[in-house]
Amino acid sequence: MPIRVLSTEVASQIAAGEVVERPASVVKELLENALDAGAKSVTVNITAAGRTLIQVADDGAGIPADELILAVERHATSKLVSADDLFRIVTLGFRGEALASIGSVSRLAITSRTADAPAGARLRVEGGIIGRLEKVGSPAGTVVSVEELFYNVPARLKFLKQDMTERRAIDALLTRYALAYPQVRFKLSEGNTPSLQTSGDGDRRAILAALYGVDTARQMLEVVAEEDGFKLSGFISPTALTRSNRKEITFFVNGRWVQDTPLNAALLQAYHTLLMVGRYPLAALFLEVPPEEVDVNVHPAKAEVRFRNPDKAFSFIQRATRRALLAYAPVPRVAPQNLWGSAPSQPRTIDPVWSLAHVESNVEGQRSGVESNVVVPPSLKTDKSQLTTPNSQLATPNIAVPLLRLIGQIGATYLIAEGPDGLYLIDQHAAHERVLFEKLMAQHEQKAIPSQALLTPAVVHLPPASAKLLEDQLPVLQHFGFHVETFGQNSYQVRAMPTLFANSDPAAALRALVEDFEEDETPLQNELEAKIAGRVCKRLAVKAGQVLSPDEQHALLADLETCASPRTCPHGRPTMIHLSVDTLERQFGRKGAR
Ligand code: ADP
Ligand code: MG
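Computed from a predicted model, the values in this text were never measured in an experiment.

### A closer look at the packing of aromatic side chains
Turning to step 1, where the next piece is worked out: This structure, assessed with the given rule, holds 6 aromatic pairs.
Turning to step 2, where the next piece is worked out: Centre to centre, the rings of Phe252 and Phe286 are 5.3 Å apart; their planes meet at 40 degrees, and the pair counts as tilted. A residue pair is termed long-range when its members are at least 10 positions apart, and Phe252 in strand β11 (residues 249–253) and Phe286 in strand β13 (residues 283–288) qualify at 34 residues. Here Phe252 and Phe286 have matching classes, each one buried.
Turning to step 3, where the next piece is worked out: Between the aromatic rings of Phe482 and Phe501, the centroid separation amounts to 6.5 Å while the plane-to-plane angle is 25 degrees, which identifies the pairing as stacked. Here Phe501 lies in the loop between β21 (491–498) and α16 (506–519) and Phe482 lies in the loop between α15 (464–479) and β20 (483–486), a separation of 19 residues in the sequence.

### Focus: the environment of Leu560
Turning to step 1, where the next piece is worked out: Position of Leu560 relative to the elements: it lies in helix α18 (residues 550–561).
Turning to step 2, where the next piece is worked out: The exposure class assigned to Leu560 is buried, which follows from its relative accessible area of 1%.
Turning to step 3, where the next piece is worked out: Sequence spacing of Leu560 and Val435 is 125 residues, and the spatial spacing of their C-alpha atoms is 5.9 Å.
Turning to step 4, where the next piece is worked out: When residues no more than four places from it in sequence are discounted, the contact partners of Leu560 are Val401, Ile426, Ala431, Arg434, Val435, Pro566 and Met576.

### A short note on the confidence of the model for the protein chain
Turning to step 1, where the next piece is worked out: For the protein chain, mean pLDDT is 81; residues scoring 70 or higher make up 85% of the total.
Turning to step 2, where the next piece is worked out: Throughout residues 329–395 the model reports pLDDT below 50, and contacts reaching past four residues in sequence, or to other chains, amount to 87 contacts.
Turning to step 3, where the next piece is worked out: For the stretch residues 520–526, pLDDT sits under 50, and the model shows 7 contacts to residues farther than four places along the chain or on other chains.

### Considering the nonpolar core
In summary, soluble globular proteins display a tendency toward joint burial of nonpolar side chains.
Turning to step 1, where the next piece is worked out: The biggest cluster of nonpolar side chains holds 61 residues, and the ones touching the most others in it are Leu30, Val42, Val44, Val146, Leu174, Tyr177 and Phe186.
Turning to step 2, where the next piece is worked out: Broken down by element, this core gets its largest block of residues, 8 residues, from helix α6 (residues 163–180).
Turning to step 3, where the next piece is worked out: Residue contacts for Leu30: discarding those within four places in its chain leaves Ile54, Val56, Leu99, Ile102, Val144 and Val146.
Turning to step 4, where the next piece is worked out: By size, the runner-up hydrophobic cluster in this structure holds 36 residues, among which are Phe230, Val258, Leu268 and Ala283.

### Describing the sheet that holds strand β19 (residues 451–461)
Turning to step 1, where the next piece is worked out: Across the sheet, which stays open at both edges, the 3 strands sit in the order β19-β21-β20 with antiparallel pairing between neighbours. In the strand order of this sheet, the two ends are held by β19 and β20, each with one partner. Averaged over all pairs of adjacent strands, the angle between their axes in this sheet comes to 20 degrees, without regard to strand direction.

Procedures and definitions
Residues numbered from 1 in each chain as written. Chains lettered and ligands numbered in written order. Predicted model: local features only at pLDDT ≥ 70, side-chain atom pairs only at ≥ 80, totals over all residues. Heavy atoms only, no water. Phe/Tyr/Trp six-rings, centres within 6.5 Å; stacked < 30°, edge-to-face > 60°. Helix = DSSP H or I, 4+ residues; strand = E, 2+ residues; numbered from the N terminus. Buried < 20%, exposed > 50% of the residue type's maximum accessible area, 1.4 Å probe, protein only. Contact = heavy atoms within 4.5 Å. pLDDT = per-residue confidence, 0-100. Core = buried A, V, L, I, M, F, W, Y, C linked by side-chain atoms within 4.5 Å. Pairing = 2+ DSSP bridges. Axes fitted to C-alpha atoms, helices over the stretch in contact; angles between N-to-C directions.

As structure tokens, then:
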């Protein structure tokens, strides 16, 4: 074939391929434009996972009517003038390509009004052909709608994944932008079904729950650091909370989501020696650096950045996250080891002040470095006798607890009670888990799990993989009093819950259940039912950090006393620690030598 210049149409479709790969990439570009326009509120509506419609409405600055045509032209932007500006860029966009690209592979309509214009204007572009400018009434701001993406490039359509996958990509995108811009109100819905809505009140932790689920979000550690013009904020998981891949690591640099960044390695370094091989942390981190420190023009979809001084960025991230990790969860649990005779098998989060105090007073001058997690001074390895340790309780889980006199709740996490033989510290979550589990299993054995219909059935959308898993478990869930019905593809409706969990959030329960299935690598065959019961109870039991009324505290204790195995949760962790009178006396030097 002879060389020839491509027609504008073909050239722009090829160029569009770089920017617009799937519905989520359209959403990303439109979202970025809205944020660049200073929007305080961004509403995204899609149908058919974005295939038939993607509409993004914002309340930002708007586009003057006489600039609308320029806006959809390639290499037309209001965000920079010269190439040098690239190193002063404070907007997300700068290539002037998105609208042109989208317009060449869809039916695009832009309606916009600036605050001072009396009326708005609308411009349509179909398959790259620009229509006439119309005058329309519209609120200040911009609405971009993209219909029938790739209608004129069928080859592209074939590369789209299942609706659920495309939908999940959009969900993931919105959630992450919502986290990065907590001051902006985001709303995502498909048809009339909203899937994400944030308040724009700046509270990142609330949005974190949309990304990770409530339980996980609550455990995440906050990171705030600043050094030499670099700022880092966000959340990282404590060492006990991990995933088997890096997918839950999110980095934003100067407000852009960057993927597969070398910054991931810096974060992983911070966890070095703290995680088992093959486990990865969760993180949502937001790095702000002076614009001249990064080159943002290295990727057509702007999904990567290059640092002028990569080592500086790397070590800043590494130190800031390591510091956060150690501050929240100092690694050597010296104090409990000394006090409880042997190390608890599960890592615990301990208030650093508390723990350090014990390091100093108990280790007779041998300060074991907080940095190293394996150094255990020999003096700590002996001394077994003093307490009923969690481990010895594990060996004898069936010992009943005596009648206990409730003293109260501490740290919104533990109950404290007195028994005839000393003091009991009870982990409210583990205890409640045990109570729920025994009740549920008892009902299950009698084949009579009372179930309660929900006034408003809860609808839950699941990713296809989870949906498949749930599908397999539906009969078992039914058995346990969860009436869950298919409600469209990969969506389910919870119609009834076990009465035992009447006050819990059904959608959260279902999601959490499936989340756990996903994490479990081995298929559940044996003891499937006990496992499911255990999971449900774990998810729905009161949490650490939840304030209980005196009545609730009493009820929990009374329930625990009637359990067959009150001393461990269904997963084998201790529900209580017992300090015997004898121990107390020894610890206070009233009796014997320490
Ligand atoms: P870029 O964002 O790289 O400048 P785009 O093709 O995405 O390129 O947008 C072209 C121009 O259209 C932008 O520079 C901006 O001036 C204008 N624009 C696009 N979307 C919006 C919006 N939602 N609100 C205000 N102006 C917008
Ligand atoms: Mg743009």
